[in-house]
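Listed below are the residues making up each chain.
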Amino acid sequence: MSMTLLEATGLRRHYQVRAGRGPFGAKAVLRAVDGVSLSLKPGRTLGLVGESGCGKSTTGKLVLGFIPPTAGTVRYRGTDMPPAGTPAWRALRPRMQMVYQDPLGALDRRLPVGVQIMEPLAIHGAKSPAEQRDRAAGVMAAVGLQMHQFDRYPHELSGGQRQRVVLARALMTEPDLLVCDEPISALDVSIQAQVVNLLLDLQDQMGIAYLFISHDLKVVRQVSHEVAVMYLGRIVEQGEAEDLFARPLHPYTRALVSAIPVLGPRRERLLLQGDPPNPVDVPSGCSFHTRCPFATAACRAETPALRTLPDGRQVACHRVEEPALQVAA
Amino acid sequence: MLLFTASRALRAALTILFVMTFAFVVLRLSGDPALLIMSVDAPPEAIKAFREAWGLERPIWEQYLSYIGHAFTGDFGKSMRDGRPAIDLVMERVPATLAITLPALALKVGLGIPAGVYAALHRNSFADRMTMAVSVAGFTMPSFVLALLLVLLFSVNLGWLPASGADSPTYAILPIITLGASGAAIMARFTRSAMLEVLGQPYIRAASAKGVEWRRVISHHALPNAAIPTVTIIGFMIGSLVAGAVVVESVFAWPGIGRLLVSAVANRDLAVVQAILMVIATWMVLANFTVDMAYGWLDPRVRGTAAAH
Amino acid sequence: MTAPLVEVTGLTVDFERDGRSSRAVDGVDLAIAPGEALGIVGESGSGKSVTWLAALGLLPARARVGGSVRIDKQQLIGAAPKVLEGVRGKRIAMIFQDPSSCLNPVHRIGWQLVEALKLHRGLDGAAAEAATLRLLDQVGIADARRRLGDFPHQLSGGLNQRVMIAMALAGEPDLLIADEPTTALDATIQAQILALLASIRRDTGMALVLISHDLGVVAENVNRVAVMYAGRLVEEAMGQDLFGAARHPYTQGLLAALPTLTGPRRRLAAIPGTVPEPGKAPPGCAFAPRCPLAEPRCQSEPPPVRHVGLMHRAACHLQIDVGVSAWNLPRAAE
């Protein structure tokens with residue numbers, strides 16, 4: 001078995017926020033990410049799902065070192081990630097790239113896209129302009145862009161084409177990890193499929209690993225080998241993609257999966273009450289207990305650890321093995 | 001809310017202290033008042049006596065501390081020219097300045113806001129284009145140019161209004177129009193863009209979809225929101241009530257604070273300049289404070305959680 | 001068949017900009033029966049929202065609207081402002097995508113609800129407050145009395161959408177148009193809102209037009225579905241027929257492009273190319289440049305909307321048989 005490409009252990013990211021207003025307002029701690037561990041093997045995809053504010057995007061930035069963690073470590077190919085901004089960290093940058101949701105925001109509207117695609121090589125590699133252009137042509141072909149689009153400006157391209165440009169730029173340095181944060185959410189339905197297929201093809205051809213962050217469970221299932229579900233800064237369940245969606249165990253995952261509207265026959269729905277709590281004021285014990293239909297006194301008092309069940313599924317729930325829960329599902 | 005007010009008040013006090021310090025340092029750096037007032041070829045004994053009389057021979061930090069200390073008790077020193085308390089000289093000019101700036105403010109708000117709202121509601125119409133053209137002219141033209149044009153027209157050619165002095169209320173008319181016209185132009189432009197921004201918001205369409213008639217959508221849904229950014233500009237204008245007429249007062253020989261400042265600077269009358277700056281700064285800070293309070297009143301999002309619960 | 005509540009005939013919308021005019025809606029025909037739930041599916045620029053904004057006269061002045069929209073006997077296109085104001089909120093209510101920005105930020109929730117009640121039911125004072133509390137209760141807002149004094153920014157997106165729905169119910173409308181009502185909301189909140197809309201429909205018998213880009217949302221919540229592409233209606237059928245036996249290549253492509261939540265994962269069938277920009281649709285079928293079966297006449301002649309089954313219409317020159325997908329047929333010569 002190949003070695004681990006990326007391993008994050010106990011990642012935390014806390015923010016000091018003011019609960020009140022003014023310089024004398026009460027301070028509070030926002031636990032955006034609160035103890036996330038994950039690992040990724042070369043050429044594999046880990047999907048990270050959850051609702052807004054669950055910390056999935058922050059996790060993506062933490063693993064790349066874009067923001068420093070409050071606690072925890074990230075290891076890349078078995079060695080600790082150097083601190084952000086150091087030469088060693090910059091030397092690693094070409095190996096890991098990020099793809100954002102909004103391609104127009106990620107591109108400079110005053111520069112032709114071809115120039116922007118070559119930019120990472122200009123920064124990271126010491127290649128001649130001709131070599132840079134050759135490589136750009138190759139990468140553009142790989143993402144389905146045509147060479148006549150090299151001199152176009154971002155606004156002259158469609159949303160799907162812009163996202164291809166962003167991907168092309170990320171691929172210039174032949175990275176072995178892409179962190180994709182909602183990469184297709186801004187695209188039309190008929191274009192989403194194009195980009196999903198493209199991501200899968202690129203993985204096949206180049207062996208890139210993806211950390212695929214999205215709120216869209218169907219797309220995550222389509223692209224991921226493994227999926228982790230986040231709630232209020234923690235992973236509450238993790239497992240093999242098809243199995244996790246077919247047989248969700250954690251009550252939150254069940255609610256999330258059952259909430260997704262589907263084309264086929266209507267399924268039983270586990271409807272949650274209320275909104276997710278404010279991440280500044282995370283409930284005690286299991287943070288899901290305020291909305292969980294199965295919560296007991298123990299759930300309110302004690303935080304469940306993420307533990308591995310005999311079949312390999314990881315779940316953070318006190319009651320997951322109880323027959324009562326199986327029936328209720 | 002109390003905390004919000006207290007923190008703003010503290011900030012205001014710090015700003016005033018900063019302005020006083022800055023004025024002190026800049027004025028001392030820019031030349032020796034003794035030499036300037038007494039002229040360079042005055043006898044050395046006379047210059048020495050002048051320095052002693054005004055405490056200019058003491059170390060600079062001592063002068064500074066004594067200046068700040070006295071300022072707290074309302075004492076800004078005496079005019080180096082005529083020996084009267086500087087603050088009295090300044091305060092007696094305030095009514096004259098307000099006599100032209102207050103009516104000008106009424107003109108700015110009373111003309112600028114309706115014109116801006118009208119232009120926004122009739123976007124791209126002839127009236128909108130005219131309003132905006134006039135407004136561009138209004139705020140690109142320097143006030144002394146406008147002042148001279150008005151004088152040429154109303155005093156020289158038509159002979160309707162006096163050109164300079166302050167002998168009767170009619171003397172105030174041209175300064176007021178000069179000040180008000182450019183302000184009204186700025187106000188109209190800001191109101192228009194604030195209004196256009198608000199009219200494009202989803203809640204305006206949602207209010208229409210709810211069945212609210214268009215007039216009421218404008219008056220009850222759009223205007224209260226458009227007022228929020230407009231308040232900033234009105235705040236600036238209130239802030240400039242005291243100090244905004246320097247040029248206009250000079251052109252029309254209007255005996256306000258602006259003219260006093262010009263002559264005090266020319267004469268290197270340090271105490272008077274410092275007192276004027278102090279009055280201006282205090283007024284500006286008070287105006288800003290009022291704007292902040294008005295924001296809190298107009299925009300519930302600024303009031304924040306502290307006020308709501 | 002019952003007489004339609006709302007009937008849209010030959011609706012066109014053109015937007016004028018810089019002296020050029022571009023067509024956003026191009027001859028849409030639709031009918032909604034009392035109490036019916038109709039889904040409208042389409043991608044950005046398909047005209048699915050513009051159609052209904054045009055019907056209610058909510059488009060900016062630079063939009064030119066043609067055709068006809070009737071509610072009962074009342075013509076809405078070109079109607080006087082007074083007539084439209086009487087229909088909006090009272091006969092046809094509308095809720096939108098981003099609830100938090102659709103509520104006025106400077107007015108309290110209670111104020112905004114009372115405004116609607118005063119307008120549509122003439123209620124005032126204590127009667128209005130009691131009705132407000134009932135409405136908030138009806139949309140499942142706990143602690144309603146306290147919420148009346150809140151401003152929209154103090155509530156979550158889900159709660160704001162409930163307030164929008166309560167406001168829409170104030171006029172006891174015959175038809176609610178929900179334009180992407182859950183797109184800005186998280187999945188578990190989306191499920192709550194859709195369940196709420198369903199229960200309100202059960203209780204009040206109100207008709208619903210559900211506009212969405214999400215085929216799943218539409219499939220679970222309506223009886224009948226219309227698919228729009230580049231300003232035209234391309235297919236319309238009962239839900240099970242549309243999702244089970246789509247006859248238009250675009251609808252078929254859209255369904256094949258969707259990943260699923262269950263079953264084996266297969267490669268998605270992506271529709272090549274992109275949605276045409278508004279006003280730049282080709283003269284013939286707007287989908288022809290992306291269609292695997294396009295023939296020369298598809299490029300030049302707009303296809304007529306034809307009945308292809310019971311209550312099933314499609315706008316395609318080719319009559320694709322039931323159970324056949326355009327995306328599996330041998331390609332026409334390039």
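Predicted model, so just to flag it, every value in this text is computed and none were measured.

Trainee: I'd like a description of the overall build of chain C, backed by residues and values.
Mentor: Helices and strands together make up the secondary structure of chain C, namely 12 helices and 12 strands. The C-alpha radius of gyration of chain C comes to 21 Å, within 12% of the 20 Å expected for a compact globule of 334 residues. Oriented by its inertia axes, the alpha-carbon framework of chain C measures out at about 70 × 50 × 45 Å. In chain C, which comprises 334 residues, the share counted as buried stands at 51%. Counted over contacts in chain C with a minimum sequence separation of 6, partners at least 24 positions apart contribute 64%.

Trainee: Go over the overall build of chain A with me, naming the residues and quoting the values.
Mentor: A tally of regular secondary structure across chain A gives 12 helices and 12 strands. Taking 329 residues into account, the globule formula puts the C-alpha radius of gyration at 20 Å, and chain A, at 21 Å, falls close to it. By the burial criterion, 45% of the 329 residues in chain A qualify as buried. When contacts within chain A are restricted to residue pairs at least 6 apart in sequence, those whose partners lie at least 24 apart make up 65%.

Trainee: Let's hear about the packing of helix α10 (residues 202–209) of chain B against helix α11 (residues 214–239) of chain B: which residues, and what values?
Mentor: Residues and elements named next belong to chain B. For the pair α10 and α11, the least separation of the axes is 10 Å and the interaxial angle reads 145°. At the point where α10 passes α11, the crossing takes the right-handed sense. Facing Tyr-203, Ile-204, Ala-207 and Ser-208 of α10, the residues of α11 in contact are Val-217, His-221 and Ala-222. Residues that form the contact of α10 with α11 fall into these classes: 5 nonpolar, 2 polar and no charged.

Trainee: Give a detailed account of the sheet that holds strand β1 (residues 6–18) of chain A, specifying residues and quantitative values.
Mentor: Sheet strands pair by backbone hydrogen bonding; their relative direction is either parallel or antiparallel. All names here are of chain A. Read from one edge to the other, the open sheet built from 4 strands follows the order β2-β1-β4-β5, with strand pairing classed as antiparallel. Among the strands making up the open sheet, the edge pair consists of β2 (27–40) and β5 (79–80). Here strand β4 (residues 71–76) runs beside β5; their pairing, made up of 2 bridges, is antiparallel. Within β5, the residue paired with Arg-75 across the bridge is Asp-80.

Trainee: Give a detailed account of the domain arrangement of chain C, specifying residues and quantitative values.
Mentor: All names here are of chain C. Taken domain by domain, chain C consists of domain 1 (6–222) and domain 2 (252–315). Taken over C-alpha atoms, the centre of domain 1 sits 28 Å from the centre of domain 2. Each partner contributes residues to the interface: domain 1 has 8 residues there, and domain 2 has 7 residues. The leading source of residues in the side of domain 1 that touches domain 2 is strand β2 (residues 20–32), at 4 residues. Here the residues of the side of domain 1 that touches domain 2 are counted per class, giving 2 nonpolar, 3 polar and 3 charged.

Trainee: So what's going on with helix α5 (residues 129–142) of chain A? Which residues, and what values?
Mentor: Residues and elements named next belong to chain A. Here α5 spans 20 Å end to end across 14 residues, near enough to the 20 Å set by a 1.5 Å rise per residue. Buried within α5 are the following residues: Gln-132, Arg-135, Ala-136, Val-139 and Met-140. The buried residues of α5 all sit within an arc of 135° when viewed along its axis, so they share a single face. Within α5, the exposed residues directed more than 90 degrees away from the buried face are Ala-130, Asp-134, Gly-138 and Ala-141. Summarising the contacts, the buried residues of α5 are in contact with α4 (113–124) and α6 (159–171). Trailing α5 by a residue or two, Gly-144 shows a phi angle of about 85°, which is positive.

Trainee: Explain the nonpolar core to me, using residue names and the numbers behind them.
Mentor: Generally speaking, nonpolar side chains in soluble globular proteins are found buried as a group. Within the largest apolar cluster, 269 residues are counted, with the highest numbers of intra-cluster contacts made by Ala-168 and Val-229 of chain A, Val-272 and Ile-276 of chain B together with Val-209 of chain C. With 13 residues, the top contributor of residues to this core is helix α9 (residues 173–199) of chain B. Residue contacts for Val-272 of chain B: discarding those within four places in its chain leaves Ser-79, Ala-86, Leu-89, Val-90, Leu-260 and Ala-264 of chain B.

Trainee: Describe the UniProt feature "domain: ABC transporter" (unreviewed entry) in chain C, listing the residues and the values that go with them.
Mentor: With numbering matched to this structure, UniProt assigns "domain: ABC transporter" (unreviewed entry) to residues 6–255 of chain C. In residues 6–255 of chain C, helix accounts for 40% and strand for 28%; the two terminal C-alpha atoms are 28 Å from one another.

Trainee: An account of the pairing of strand β1 (residues 6–17) of chain C is needed here, citing residue identities and associated values.
Mentor: Residues and elements named next belong to chain C. In terms of strand pairing, β1 meets β2 through 10 bridges, oriented antiparallel. Bridged to Asp-14 within β2 is Arg-23. Between the antiparallel neighbours β1 and β2 lie 2 residues, among them Asp-18 with a positive phi of about 50°. Summarising the sheet, β1 and strand β4 (residues 63–71) pair through 8 bridges and their orientation is antiparallel. Each residue of the ladder has a partner; that of Val-13, found in β4, is Val-65.

Trainee: Residues and numbers for the interface of chain C and chain A, please.
Mentor: Facing the 34 residues of chain C at the interface are 34 residues of chain A. Where the side of chain C that touches chain A is concerned, the elements lending two or more residues are α8 (187–204), α9 (215–221) and α11 (249–256) of chain C. Grouping the constituent residues of the side of chain C that touches chain A by class yields 16 nonpolar, 12 polar and 6 charged.

Trainee: Account for the environment of Tyr-76 of chain A, with residues named and values stated.
Mentor: All names here are of chain A. Relative to the helices and strands, Tyr-76 resides in strand β4. Each C-alpha atom, one on Tyr-76 and one on Met-96, is 9.9 Å from the other, the two residues being 20 residues apart in sequence. With near-sequence residues (within four places) excluded, Tyr-76 lies in contact with Leu-6, Met-81 and Leu-92.

Trainee: Would you mind going over the interface of chain C and chain B in detail, with residue names and values included?
Mentor: With 25 residues of chain C at the contact, the number on the chain B side is 21 residues. At the level of elements, α2 (81–87), α3 (99–102) and α4 (109–121) of chain C are the ones that each hand at least two residues to the side of chain C that touches chain B.

Trainee: Now, about helix α4 (residues 60–72) of chain B: what can you tell me, with residues and values included?
Mentor: Residues and elements named next belong to chain B. Compared with the 18 Å implied by 1.5 Å per residue over 13 residues, the 19 Å span of α4 between its first and last C-alpha is a close match. Within α4, only 1 of the 13 residues are buried, leaving the element largely exposed. Phi turns positive, to about 85°, at Gly-74, one or two residues after α4.

Trainee: Outline the sheet that holds strand β9 (residues 226–231) of chain A, listing residues and values.
Mentor: Residues and elements named next belong to chain A. The strand order β6-β7-β8-β3-β9-β10-β12-β11 describes an open sheet built from 8 strands, whose pairing is mixed. If you trace the sheet from one side to the other, it starts and ends with β6 (96–99) and β11 (307–308), each paired once. As judged from the 4 bridges shared by strand β3 (residues 45–49) and β9, these two strands associate in the parallel manner. Bridge pairing links Leu-48 to Ala-228 in β9.

Trainee: Talk me through the packing of α4 of chain A against α6 of chain A; I want residue IDs and the actual numbers.
Mentor: Residues and elements named next belong to chain A. Following both chains from N to C, one finds α4 and α6 inclined at 30°, their axes separated by 7 Å at the closest point. Our classification of the angle between α4 and α6 gives roughly parallel. In terms of crossing hand, the pair formed by α4 and α6 is right-handed. Two secondary-structure elements touch here, α4 through Val-113, Gln-116, Ile-117, Glu-119 and Pro-120 and α6 through Val-165, Ala-168 and Arg-169. Tallied by class, residues from the contact of α4 with α6 come to 5 nonpolar, 1 polar and 2 charged.

Trainee: A description of the pairing of strand β8 (residues 209–213) of chain A should follow, citing residues and the corresponding values.
Mentor: Residue and element names in this part refer to chain A. For β8, the tally of buried residues reaches 5 of 5 residues, placing the bulk of the element in the interior. Alternating positions in β8 separate into two faces, Ala-209, Leu-211 and Ile-213 on one and Tyr-210 and Phe-212 on the other, with burial throughout. Looking at chain direction, β3 and β8 are connected through 4 bridges and run parallel. Each residue of the ladder has a partner; that of Gly-47, found in β8, is Phe-212. Where strand β7 (residues 177–181) meets β8, 5 bridges bridge the pair, whose relative direction is parallel. Directly across from Leu-177, in β8, lies its bridge partner Ala-209.

Trainee: Describe the environment of Gly-39 of chain C, listing the residues and the values that go with them.
Mentor: Residues and elements named next belong to chain C. Structurally, the position occupied by Gly-39 is in strand β3 (residues 37–41). Judged by local crowding, Gly-39 falls into the buried class, with 27 C-beta atoms found within 10 Å. Linking Gly-39 and Asp-98, residues 59 residues apart in sequence, is a C-alpha distance of 19 Å. Excluding anything up to four places from it in sequence, Gly-39 contacts Leu-210, Ser-212, Val-218, Asn-221, Val-222 and Val-225.

Trainee: Talk me through the environment of Val-280 of chain A; I want residue IDs and the actual numbers.
Mentor: Residue and element names in this part refer to chain A. Counting through the fold element by element, Val-280 comes out in the loop between α10 (251–259) and α11 (297–301). Look at Val-280 and you get partly exposed, because 13 C-beta atoms sit within 10 Å. Taking the C-alpha atoms as reference, Val-280 lies 5.9 Å from Val-29; in sequence the two are 251 residues apart.

Trainee: A description of the confidence of the model for chain A should follow, citing residues and the corresponding values.
Mentor: Looking at chain A as a whole, the pLDDT averages 88, with 95% of positions reaching at least 70. For chain A, per-element mean pLDDT is lowest for helix α12 (residues 323–328) of chain A, which scores 62, and highest for β3 of chain A, which scores 97.

About the thresholds
- Counting restarts for each chain: residues are numbered from 1 in the order of the written sequence.
- Written order determines the labels here, with chains lettered from A and ligands numbered from 1.
- pLDDT decides what is reported in this predicted model: residues at 70 or higher carry local features, side-chain atom pairs at 80 or more are listed and counted, and totals for whole chains, interfaces and linings draw on all residues regardless.
- Every helix listed is a DSSP run of H or I at least four residues long, and every strand listed is a run of E at least two residues long, numbered separately from the N terminus.
- Both definitions apply: the radius of gyration is a C-alpha atom measure, and the globule rule equals 2.2 Å times residues to the power 0.38.
- The exposure label follows from counting other C-beta atoms within 10 Å of a residue's C-beta, where the C-beta atoms are placed from the backbone and the thresholds are 20 or more for buried and 12 or fewer for exposed, leaving partly exposed in between.
- We call two residues in contact when their backbone-placed C-beta atoms lie within 7 Å.
- Every angle, taken between N-to-C directions, lies between 0 and 180 degrees, and every axis is a line fitted to C-alpha atoms, over only the stretch in contact when it is a helix.
- Left-handed is the label given to a crossing in which the near helix is rotated counterclockwise from the far helix by less than a right angle, and right-handed is the label when the rotation is clockwise.
- Three classes are used, and their members are as follows: Ala, Val, Leu, Ile, Met, Phe, Trp, Tyr, Cys and Pro are nonpolar, Asp, Glu, Lys and Arg are charged, and the others, Gly among them, are polar.
- Pairing between strands requires that DSSP locate at least two bridges from one strand to the other.
- Where each domain starts and ends follows an automatic or database-derived domain assignment.
- A helix's residues, less one, multiplied by 1.5 Å, set its expected span.
- Directions are taken from the helix axis to each C-beta atom, and the arc is the one they span.
- Put simply, a nonpolar core is a cluster of buried Ala, Val, Leu, Ile, Met, Phe, Trp, Tyr and Cys residues tied together by C-beta atoms within 7 Å.
- UniProt positions are given in the numbering used here, feature names are shortened, and annotations may be inferred rather than shown by experiment.
- Angle categories: roughly parallel below 35 degrees, roughly antiparallel above 145, roughly perpendicular from 65 to 115, and oblique for all the rest.
- The quantity known as pLDDT measures the predictor's confidence residue by residue, on a range of 0 to 100.

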